[in-house]
Amino acid sequence: MNWRTQETLESWSALVPQHVYVDEAMLFASASEVALRKFSIPKWNDDAIYAHDFLAFVTQEFWRSCVNFCFAHPGQFRTEYELTFSAKSGNNVKFGSAAMGACFFRTFHESPVYANDILNIVFSLGRTKKFFKGFNDLPMIGERRDLLEEAAIVVSEKFDGDPMNILEEGQYRAFGKNGSDGVVDILLNKFPNTFGADNATLVDGEGNVRKFHFMKRAQLFVKIYHEKATQKFKRLIEDIEYLGPIPDYEIPRGYHSDGIFIYSDSLMQKIMDRSIIKAGSRMETELRAATVFAQMEELKIINACRGTEGLRPISICELDSYRWIKGQESFDYPHHVCLTTAY
């Protein structure tokens, strides 16, 4: 476990939850039930969304990770960003992050994407809007432009314009070793707004300020790189077992549907009404912190069961894929809505 996730777990254990209660008995039962199943990781090979060329895929994915957040339109009939595009199988309609990802492929196809390419897109807000043009508007377009601009400037000035050099400098590790930074460390430290701002604080019952490190998009880039490298037989992330949870808006929905998360009446009402939950609020921070706790506990239970049967352990890559799909398939409840650049 990396130290930031460890601190998040310690912060969660010091709180008395007000909005999100984790039923640990249900969590143990659920994890034990699925522990011996065959887990898998995504292939990331959807036509017209992801490049097949490995270098093109990785560089495009880096820029996608910079803006992979907040696709919901609160209170509107069409609730998610939507894009129609052509593929080999005909016209496709995608929503959310898949629609956003298709914008990069629509422009760059099988070509790698460098800092100068992104600086051209963010030259003006009009160009950025044109790049992300879909059936409806992409929420928080101004914030996306700002983050892409910061990321492009940092990559240009510190990594010779090429996102692949971030992986090289991080020595294909998620986290540092022997005083050097890993890829996640680099993203958090050198991209303060794009990746480094995904944290929160709450005051515990004794008046102590507790810090929560969520690192959703920084860790997501490393996770997706590792999964694609596994498919393409490229260099893997050496310490993938230290990667922490990816706390986005789909994962809590699955935990709630499974009876593992129990919500306060006020939180449940906001979710069902698709009302905006304020970023950094007690309610929103508990949702994400509980997700980190639940996933780390679930991972521990699953791997203990697998160890007794001589099966290899899984990492957060497999568990995140399983839990994300569970969230998407939880049709009884919508996901919560938060206008944030974090996820």
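Everything numeric here is computed off the predicted structure, so don't read it as measured data. (Residues numbered from 1 in each chain as written. Predicted model: local features only at pLDDT ≥ 70, side-chain atom pairs only at ≥ 80, totals over all residues. Heavy atoms only, no water.)

(A) Seen up close, the side chain of Lys228. Residue placement: Lys228 occurs in helix α10 (residues 216-232). One buried charged residue, Lys228, remains without a salt bridge, the closest side chain of opposite sign being Asp46 at 8.8 Å. (Helix = DSSP H or I, 4+ residues; strand = E, 2+ residues; numbered from the N terminus. Buried < 20%, exposed > 50% of the residue type's maximum accessible area, 1.4 Å probe, protein only. Lys, Arg positive; Asp, Glu negative; His and termini not counted. Salt bridge = Lys/Arg side-chain N within 4 Å of Asp/Glu carboxyl O.)

(B) Summary view of helix α3 (residues 54-66). In a regular helix each residue adds 1.5 Å, so 13 residues correspond to 18 Å; α3 covers 19 Å between its end C-alpha atoms and thus fits that length. Most of α3 sits out of view: 12 of its 13 residues are buried. Restricting attention to buried positions, one finds in α3 the residues Phe54, Ala56, Phe57, Val58, Thr59, Gln60, Glu61, Phe62, Trp63, Arg64, Ser65 and Cys66. (Expected span 1.5 Å × (residues − 1).)

(C) Representation of the packing of aromatic side chains within the structure. For the structure shown, the criterion picks out 19 aromatic pairs. Both rings, one in Phe62 and one in Phe191, keep their centres 6.0 Å apart while their planes meet at 65°; by these two values the pair is edge-to-face. In this pair, Phe62 is assigned in helix α3 and Phe191 in the loop between α9 (183-190) and β4 (199-203), connecting sequence segments 129 residues apart. The pair Phe62 / Phe191 is uniform in exposure class, with both members buried. Site record: aromatic cluster; members linked through ring pairs are Phe62, Trp63, Phe159, Phe191, Phe195 and Phe221. Here Arg37 stacks its cationic end above the ring of Phe39, 5.4 Å away from the centre of that ring. (Phe/Tyr/Trp six-rings, centres within 6.5 Å; stacked < 30°, edge-to-face > 60°. Lys NZ or Arg CZ within 6 Å of the ring centre and 35° of its normal.)

(D) Geometry of the packing of α3 against α10. Packing of α3 against α10 leaves a shortest axis separation of 9 Å and a crossing angle of 165°. When the axis of α3 is compared with that of α10, the two are roughly antiparallel. The handedness of the crossing between α3 and α10 is right-handed. Across from Phe54, Phe57, Val58, Glu61, Phe62, Ser65 and Cys66 in α3, the residues of α10 making contact are Arg217, Phe221, Ile224, Tyr225, Lys228, Ala229 and Lys232. (Axes fitted to C-alpha atoms, helices over the stretch in contact; angles between N-to-C directions. Parallel < 35°, antiparallel > 145°, perpendicular 65-115°, else oblique. Left-handed = near helix turned anticlockwise from the far one by under 90°. Contact = heavy atoms within 4.5 Å.)

(E) The arrangement of the pattern of salt bridges in detail. Inspection of every chain in the model, using the stated rule, returns 17 salt bridges. A salt bridge links Arg282 to Glu286; its shortest N-O distance comes to 2.7 Å. Of this pair, Arg282 and Glu286 are both found in helix α13 (residues 282-308), 4 residues apart, which corresponds to roughly one turn of the helix. Glu298 is paired through a salt bridge with Arg323; the nearest N and O atoms lie 3.1 Å apart. With Glu298 in helix α13 and Arg323 in helix α14 (residues 316-328), the pair connects residues that are 25 residues apart, well separated along the chain. The pair Glu298 / Arg323 is uniform in exposure class, with both members buried. Beyond isolated ion pairs, a larger network of salt bridges with shared partners links Arg173, Arg235, Glu238 and Asp239.

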